[in-house]
Amino acid sequence: MEKKMLVEFGKRLKSLRQAKGLKQIDMAGIMGITDRHYQRFEYGKVNVPATTLNFFADFFGVTTDYLLGREERQNTTQQKS
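Draft legend 1. Quick look at the packing of helix H2 (residues 24–31) against helix H4 (residues 50–60). At a minimum axis separation of 13 Å, H2 and H4 run at an interaxial angle of 115°. Considering the angle they form, H2 stands roughly perpendicular to H4. In the crossing of H2 with H4, the sense of the turn from one axis to the other is right-handed. Of the residues in H4, those touching H2 at Met 27, Ile 30 and Met 31 are Thr 52, Phe 55, Phe 56, Phe 59 and Phe 60. The residue makeup of the contact of H2 with H4, split by class, is 7 nonpolar, 1 polar and no charged.

So, how was this worked out
- Residues numbered from 1 in each chain as written.
- Predicted model: local features only at pLDDT ≥ 70, side-chain atom pairs only at ≥ 80, totals over all residues.
- Heavy atoms only, no water.
- Axes fitted to C-alpha atoms, helices over the stretch in contact; angles between N-to-C directions.
- Helix = DSSP H or I, 4+ residues; strand = E, 2+ residues; numbered from the N terminus.
- Parallel < 35°, antiparallel > 145°, perpendicular 65-115°, else oblique.
- Left-handed = near helix turned anticlockwise from the far one by under 90°.
- Contact = heavy atoms within 4.5 Å.
- Nonpolar A, V, L, I, M, F, W, Y, C, P; charged D, E, K, R; others polar.

Given below as structure tokens:
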């Protein structure tokens, strides 16, 4: 991912997390990673693996394109059957 996309991803991720009333340490616990590793996602410091991107999209009910800044609307994803 290019730097601009990583920064936008981090901003959107932070906003979605805060809207759910979660702290960074809460997200780290849910994901089974360190809080420092989670922080790096929000700060735009690391590339986001596809599996992690999909996790975030499903968890927050948004599209991967929204998270990546490729679309402006928070279109909710359809539930898998």
